[in-house]
Amino acid sequence: MTHTGAMADVAGVEQRWAAVRRWGPYAMLGVGTVLTTATMDIIGMSTAERYATVVLVTAVLLWQLWWDRWFTRTRAGRTPVSACYYLVRAAAAFVLSWLNPFFAFLAAVGYFDADRLLPPRLLKTGLLVTAVTVAGSQSGGFPPRGPLGWGVFGALLCVHLGMIAVFGHLTAREDERTRTQAATIAELERTNTALQQALDENAALHTQLLVQAREAGVADERRRLAAEIHDTLAQGLTGIIAQLQVAASAQDPALSRTHMDRALTLARDSLGEARRSVHNLSPVALADDKLPEALRKTVTEWGERTDVRARFTVTGTAEPLHDEVAATLLRIVQEALSNAARHAAATRVGVTLSYMGDEVSVDIRDDGRGFDPLAVPARTLPPARPRPSGGTPTGGFGLDGMRARAERIAGSLAIESEPGAGTAVSARVPLVRHDR
């Protein structure tokens, strides 16, 4: 049963009890009056008793009407006025039951509203008056006749007092249960209110997080595109320019044609990579090959273009990597080779791919000029022209890009270099296997 349904049931029971307490005295007075009228001659009521009955019934009716009007106006609980009303009614019921036992119906109403009208110190007294009246009527009327009559009256009174004790105990337990239920309902209402407030706050926080996530997504996508453009278009254009410069200065038409073909191939590859970058696809080199084969081809082709001795090595047991991990390592190698070609003036380059349990790493080493990593400031824009030290005029965009790529997949990038002693770039990332 729901919380609302339980409250509705409690309210319905209270309304029915209120109707019984309000109209019960009228109904019981009416029943007693009808039965008394029908049995006056049988009981042998005298004329004086009949007149007294009429007066008392009228007085009780007026008393009840006054009480209804006063209670409806004040809606007070247990007060001296309510105690006076109960005791006067009980006394009138006792006298009427003395005149005719059938008026005990009116006295029995006291069992139902004593706890609502009498204060605790008068409750037992009021119930005792009611029990005496009802027991006397059941034993044959007042006064009891002879020892047998008194014995029956005493036995009935004991029964009524026992019932009062039992029902009083049950009523006390029911009141305790009602108080507990009311406290529980109040606590539930407070909890529901707090929960609703928390839900409202969570909804507002969720909306805020969505906005922040959207903004972070836009910023991340911008950074990704910037890195992809730098790693594809910038590197491709650099290679194209280098090939065109060689072709323009070559005296041999065949050699010039060879470099022109290489420039054309680089242009086509760069265009394809740019398109794949826009759609956030894996690099072309990984479309048909796994990472070791893709790196081997990349290193070999780079060595052929730059006339630098380039060697690729794999250590450990090769495993299929997640697309994002493979793409990140490939891009780092491509950027490191591009930096070596533009700035290092190296004669030898070695690339090693290592599978080490739960990690995979790539190491790119060259014997070029080298540079001081601490002297390279951060930058956010591509370089305007090459810098012999191995960085850029305003810092290492490529170095920052490689580090950002590694950190994006919970990896790290280390750079060891010094002027005249070459450069070593090492990227370590978690070994996340390809989704099956």
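It should be noted that the structure appears before, not after, this text.
Along its length, the protein chain carries 12 helices and five strands. Per-residue burial over the protein chain gives 35% buried out of 436 residues. Within the protein chain, residue pairs in contact and separated by at least 24 positions form 65% of the contacts whose partners lie at least 6 positions apart. Entry remark: accessible area of the protein chain is about 25400 Å², with carbon and sulfur atoms responsible for 62%.

Below, the discussion takes up unusual backbone geometry. Of note, the bond from F142 into P143 is cis; its omega dihedral lies within 30 degrees of zero at -15 degrees. Within the element layout of this structure, P143 appears in the loop between α6 (120-138) and α7 (146-249). The residue D307 is not glycine, and still its phi comes out positive at about 60 degrees. Within the secondary structure layout, D307 lies in the loop between α10 (291-306) and β1 (309-315). We classify D307 as exposed; its relative accessible area is 67%. Unusually for a residue other than glycine, A410 sits at a positive phi of about 65 degrees.

Let us now look at the packing of helix α2 (residues 47-74) against helix α3 (residues 80-99). Interaxial distance between α2 and α3 falls to 10 Å at its minimum, and their mutual angle equals 160 degrees. When the axis of α2 is compared with that of α3, the two are roughly antiparallel. α3 is crossed by α2, and the crossing has left-handed handedness. Where α2 approaches α3, its residues E49, A52, T53, L56, V57, V60, W63, Q64, W66, W67 and W70 are matched on the opposing element by V81, S82, C84, Y85, V88, R89, A92, V95, L96 and L99.

Once that is clear, we can look at the packing of helix α5 (residues 110-117) against α6. Running from N to C, α5 and α6 cross one another at 170 degrees; their axes reach a closest spacing of 10 Å. It follows that α5 is roughly antiparallel to α6 by the angle criterion. The way α5 lies across α6 gives a crossing that is right-handed. Judged by residue contacts, G110, Y111, A114 and D115 of α5 engage L123, L127, T130, A131 and V134 from α6.

Let us now look at the nonpolar core. L291, L321, L329, L353 and I364 are the most contacted members of the largest nonpolar core, which has 39 residues in total. With 11 residues, the top contributor of residues to this core is helix α11 (residues 323-344). Discounting chain neighbours no more than four positions away, the residues touching L291 are L286, L321, A326, L329, L330 and L353. Within the second largest apolar cluster, 16 residues are counted, among which are L118, A131, F142 and I164.

This part is about α10. Relative to the 22 Å expected for 16 residues at 1.5 Å per residue, α10 spans 22 Å between its end C-alpha atoms, a close match to the ideal helical length. For α10, the set of buried residues is L291, P292, A294, L295, T298, V299, W302 and G303. Seen from one end, α10 has its buried residues packed into an arc of 160 degrees, which puts them on one side. Among the structural elements, α9 (285-288), β1, α11, β2 (348-356) and β3 (359-366) are those in contact with the buried residues of α10. Just beyond α10, the residue with positive phi is D307, at close to 60 degrees.

There is a patch of nonpolar side chains on the surface, built from V31, I42, I43, F102 and F105 and spanning about 440 Å² of accessible area. With three residues, helix α1 (residues 3-43) is the largest single contributor of residues to the nonpolar patch.

Further remarks concern the pattern of salt bridges. All chains considered together, the criterion is met by 10 salt bridges. Measuring nitrogen to oxygen at the nearest pair gives 3.0 Å for the salt bridge that ties R89 to D113. A residue pair is termed long-range when its members are at least 10 positions apart, and R89 in helix α3 and D113 in helix α5 qualify at 24 residues. R342 serves as the salt-bridge partner of E335, at 3.8 Å between the closest nitrogen and oxygen.

Right, let's talk about the pairing of β2 for a bit. Consecutive side chains of a regular strand alternate in pointing toward one face of the sheet and then the other. The element β2 is extensively covered by neighbouring structure, given that seven of its nine residues are classed as buried. Sheet analysis places β1 next to β2, joined by seven bridges and oriented parallel. Bridge pairing links F312 to V351 in β2. A crossover links β1 with its parallel partner β2, the connecting element being α11, and its sense is left-handed. Sheet topology places β2 next to β3; eight bridges connect them, and they run antiparallel. Directly across from V351, in β3, lies its bridge partner I364.

Of the strand pairs in this sheet, β3 and strand β5 (residues 423-430) are connected by eight bridges, and their pairing is antiparallel. Within β5, the position partnered with R365 by the bridge is A424. Where strand β4 (residues 412-417) lies against β5, six bridges are found, and the strand directions are antiparallel. Bridging across to β5, A414 finds its partner in S426. Connecting β4 to the antiparallel partner β5 that follows it, the hairpin turn spans five residues, and G420 within it adopts a positive phi of roughly 85 degrees.

Basis of the calculations
Residues numbered from 1 in each chain as written. Predicted model: local features only at pLDDT ≥ 70, side-chain atom pairs only at ≥ 80, totals over all residues. Heavy atoms only, no water. Helix = DSSP H or I, 4+ residues; strand = E, 2+ residues; numbered from the N terminus. Buried < 20%, exposed > 50% of the residue type's maximum accessible area, 1.4 Å probe, protein only. Contact = heavy atoms within 4.5 Å. Areas by Shrake-Rupley, 256 points an atom, 1.4 Å probe, with all protein chains shown as cover. Axes fitted to C-alpha atoms, helices over the stretch in contact; angles between N-to-C directions. Parallel < 35°, antiparallel > 145°, perpendicular 65-115°, else oblique. Left-handed = near helix turned anticlockwise from the far one by under 90°. Core = buried A, V, L, I, M, F, W, Y, C linked by side-chain atoms within 4.5 Å. Expected span 1.5 Å × (residues − 1). Arc of directions from axis to C-beta. Patch = residues over 30% accessible without salt bridge, like charges linked within 9 Å, V, L, I, M, F, W, Y side chains within 5 Å. Salt bridge = Lys/Arg side-chain N within 4 Å of Asp/Glu carboxyl O. Pairing = 2+ DSSP bridges. Right-handed = clockwise from strand over helix to strand, strands pointing away.

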